[in-house]
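Read off the chains here:
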Amino acid sequence: MSYGDIENSGKMIFGALMSKNKNVTYTRNRSGFFDALRYRDFTLVAGGQLVSAIGDGVLPVAVSLALLQRGDGVAAVGSILAARSIAMGFALLIGGIVADRFSRNRVMVGSDIIRALAVIAIIYLLMYDYSAAFISIMMLVFGLGEAFFRPAFRGIYPHILPDDLLQQANAWGSLVSRTAATIGPALGGALVASVSPIGALWFDVVTFGISALTLLFVRLPVSPSGNGKVGLRNIKDGALVIVRRRWLGLCFAAGLIQKPASVAPWLVLLPSVALDRYNSSFPYATSMSLYAVGAIVGAVVSSKIRISIPGVPAIIGVSTFSLIMAAMLLPVPALVLILAHFLAGIGLEVYGVMWNTAIHREIPKEMLGRVTSFEMLGSACLMPIGYTFAGAWAEIHGNTIVLSIAAIVCIVTTFPLLVDSSVRRLGSMEDENDKKKCSEEVASER
């Protein structure tokens, strides 16, 4: 199937769903998919982050295999991965504030340097056979650097691109992250096998250097929100931005429910379903691979959607996750399970691009770091809880009960959102007034 076929199919689907609404308009996106790459700063960011994200995929593979090869158990591997997540959860809100109060590229460069130094320290600890506890400490440091990097990165596009290219930029961002997520772990395993875990970690250090170097040439305001002060009021201001926007608060709340109650059971129970039903790990591995391929297709398709109510295709995209739940619940052939993952990958990536574009367009630039850090914090805190409960409940009550609850939660927290007009638009008339108010408040602080 050609890209044109995919695009036309998407138009037919969305057109059929929305044809009864006279207020809906669909126009071909005049901005080409490659137009964002004409902007020097965006090309630098996209290229540097592709390399860096591949390195991020190499790191956990290299460290985990290094520990196992020297005789440490899976508990040691769990401790170093947990250390990274704990640090992320602890520092994300602070990272969001710092991203809003200082130049984003400087925050990102500093984060790259911190993480590179942490990896170098891990290399030293592995070379001289230090215990996993010391490596966990360095992973804490790595997680702290990541907590400052992510909110800064999530808010950088509106500073380097015009508004009409933000959707294409987010599509490119999704392509970069999905491609890196596919290449990184495989490359990590290959480097460990052909060179050594230490060699793979040195590769990760080099990728941080490339990322920092490209970011140094990106031209951004020195301090996007004024005086650079950091305090508790900054957290309150970020929370108020979410509360004041009904569409943002509703989708945010739905995500907080869906991630531990639906997404976590999927990730925990899919291997078990594959082995129990098909007596093979092939459906599991293939499903996850096709999900990634679907996400890449979804990123490309989403870059061409231009509609006055972007929340409708976004929410429909989220609803495709219920296909995975149904395929895991029902005794379907393995091919159906794999196809469900491919379609869900497309749908969820359409949602992701539409959601991130709405955030970039509707949220004041001065608040982007804090708003995105709240979003990431919810995932960082609730997903581990979901993993724990999904596994424990499945052992007691069986997979069917847990997956049934997960499917119901997915449906109940998705389609009702379309009742709200601000969710359908992913924005409201009041958002522009609030953006002006936030800018005036920032100006008064200078």
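On a predicted model such as this, the values are computed, not experimentally measured, just so you know. Numbers given to residues run from 1 along each chain, matching the order in which its sequence is written. A pLDDT threshold of at least 70 governs which residues receive local features in this predicted model, and a stricter bar of 80 or more applies before side-chain atom pairs are shown or counted, although totals over entire chains, interfaces and linings include all residues. As a convention, hydrogens and water are excluded, and side-chain values are obtained from all of the structure's heavy atoms.

Engineer: Explanation requested: the overall build of the protein in the structure shown.
Structural biologist: Going along the chain from the N terminus, every DSSP run of H or I of four or more residues is numbered as a helix, and every run of E of two or more is numbered as a strand. Secondary structure assignment for the protein yields 18 helices and zero strands. Expressed as a percentage of the 446 residues in the protein, the buried residues total 52%. Sequence-distant contacts in the protein: of pairs separated by 6 or more residues, those separated by 24 or more amount to 88%. Method for areas: the Shrake-Rupley scheme with a 1.4 Å probe, in which residue coverage is limited to the protein chains shown. Approximately 19,600 Å² of the protein is accessible, and the part contributed by carbon and sulfur atoms is 68%. Relative accessibility decides the category of a residue: with a 1.4 Å probe and only protein chains considered, values under 20% of the type maximum give buried, values over 50% give exposed, and everything between is partly exposed. We call two residues in contact when some of their heavy atoms are within 4.5 Å.

Engineer: Looking at this structure, how should I read the nonpolar core?
Structural biologist: Nonpolar side chains in soluble globular proteins tend to be buried together. Note on terminology: a nonpolar core comprises buried Ala, Val, Leu, Ile, Met, Phe, Trp, Tyr and Cys residues joined through side-chain atoms within 4.5 Å. The biggest cluster of nonpolar side chains holds 37 residues, and the ones touching the most others in it are Trp-247, Leu-248, Trp-355, Ile-359, Ile-363, Val-371 and Leu-426. Tallying contributions element by element places helix α14 (residues 334–362) first for this core, with six residues. Not counting residues up to four positions away in its chain, the partners in contact with Trp-355 are Trp-247, Leu-248, Cys-251, Phe-252, Glu-375 and Leu-426. The next biggest cluster of nonpolar side chains, apart from the first, holds 28 residues, and it includes Phe-42, Phe-149, Ile-160 and Leu-165.

Engineer: Hey, could you run me through the packing of helix α15 (residues 368–397) against helix α16 (residues 399–412) in this one?
Structural biologist: Helix-helix packing is characterised by the crossing angle of the two axes and by the distance between the axes. Running from N to C, α15 and α16 point in directions that differ by 130 degrees, and their axes come no closer than 7 Å. One finds that α15 runs oblique with respect to α16. Within the contact between the two elements, α15 uses Ala-390, Trp-393, Ala-394 and His-397 and α16 uses Asn-399, Ile-401, Val-402 and Ile-405. Note that Gly is not counted as nonpolar here; it falls among the polar residues with everything else outside the nonpolar set of Ala, Val, Leu, Ile, Met, Phe, Trp, Tyr, Cys and Pro and the charged set of Asp, Glu, Lys and Arg. Residue classes in the contact of α15 with α16 are distributed as six nonpolar, two polar and no charged. Lines fitted to C-alpha atoms define the axes here, with helix axes fitted over just the stretch in contact, and angles between the N-to-C directions of these axes take values from 0 to 180 degrees. These descriptions rest on fixed angle ranges, namely under 35 degrees for roughly parallel, over 145 for roughly antiparallel, 65 to 115 for roughly perpendicular, and the rest for oblique.

Engineer: How should the environment of Leu-290 be read in this particular structure?
Structural biologist: Looking at where Leu-290 falls in the secondary structure, it is placed in helix α11 (residues 282–302). Each C-alpha atom, one on Leu-290 and one on Gly-345, is 7.8 Å from the other, the two residues being 55 residues apart in sequence. Look past the residues within four positions of Leu-290 in its chain and what remains in contact with it is Ile-338, His-341 and Phe-342.

Engineer: Even after reading the chapter, I still don't get the pattern of salt bridges, so can you show me in this structure?
Structural biologist: Note that side chains of opposite charge can pair when their charged atoms are close. Note on definitions: salt bridges are taken to be side-chain nitrogens of Lys or Arg within 4 Å of carboxyl oxygens of Asp or Glu. One pass over the structure, following the stated rule, counts 14 salt bridges. With a closest N to O distance of 2.9 Å, Glu-349 and Arg-178 form a salt bridge. Here Arg-178 lies in helix α7 (residues 166–194) and Glu-349 lies in helix α14, a separation of 171 residues in the sequence. Under the relative-accessibility criterion, Glu-349 is labelled buried at 5%. A relative accessible area of 26% means that Arg-178 is categorised as partly exposed.

Engineer: Can you help me understand unusual backbone geometry in this one?
Structural biologist: Most peptide bonds adopt trans geometry, and most residues besides glycine take a negative phi value. Even without glycine at this site, Asp-129 takes up a positive phi of about 60 degrees. Note that Asp-129 resides in the loop between α4 (104–127) and α5 (132–154). Overall, Asp-129 belongs to the exposed group, its relative accessible area being 56%. A positive phi angle, near 55 degrees, is found at Asn-279, a position not held by glycine. Its location among the elements puts Asn-279 in the loop between α10 (246–278) and α11.

Engineer: When you look at a nonpolar patch on the surface in this model, what are you seeing that I'm missing?
Structural biologist: Residues Tyr-124, Met-127, Tyr-128, Tyr-130, Phe-134 and Ile-137 make up a contiguous nonpolar surface patch of about 650 Å² in total accessible area. When residues of the nonpolar patch are traced back to their parent elements, those giving at least two are α4 and α5. Looking at the element boundaries, Tyr-130 is found in the loop between α4 and α5. Accessibility expressed as a relative area gives 32% for Tyr-130, which makes it partly exposed. For patch detection, residues must exceed 30% relative accessible area and be free of salt bridges, and they are connected within 9 Å for like charges or within 5 Å for nonpolar side chains (Val, Leu, Ile, Met, Phe, Trp, Tyr).

Engineer: Looking at this structure, I do not really get the packing of aromatic side chains. What am I missing?
Structural biologist: The description of two aromatic rings rests on the distance between their centres and on the angle between their planes. Any two of the Phe, Tyr and Trp rings considered here, Trp counted by its six-membered ring, make a pair once their centres fall within 6.5 Å; the pair's planes then place it as stacked at under 30 degrees, edge-to-face at over 60, or tilted in between. Following the criterion strictly, the structure yields 12 aromatic pairs and no others. Their ring planes at 75 degrees and their centres at 5.8 Å tell us that Trp-247 and Trp-355 sit as a pair that is edge-to-face. Of this pair, Trp-247 sits in helix α10 while Trp-355 sits in helix α14, and the two are 108 residues apart along the sequence. An aromatic cluster of at least three residues, connected via ring pairs, comprises Phe-42, Phe-149, Phe-153 and Tyr-157. A positively charged side chain is recorded as over a ring if its NZ (Lys) or CZ (Arg) lies within 6 Å of the ring centre. The angle to the ring normal must also be within 35 degrees. Residue placement shows Arg-115 over the ring face of Phe-142; its charged tip is 5.9 Å from the ring centre. Directly above the aromatic system of Phe-149 lies the positively charged group of Arg-115, at a separation of 4.4 Å from the ring centroid.

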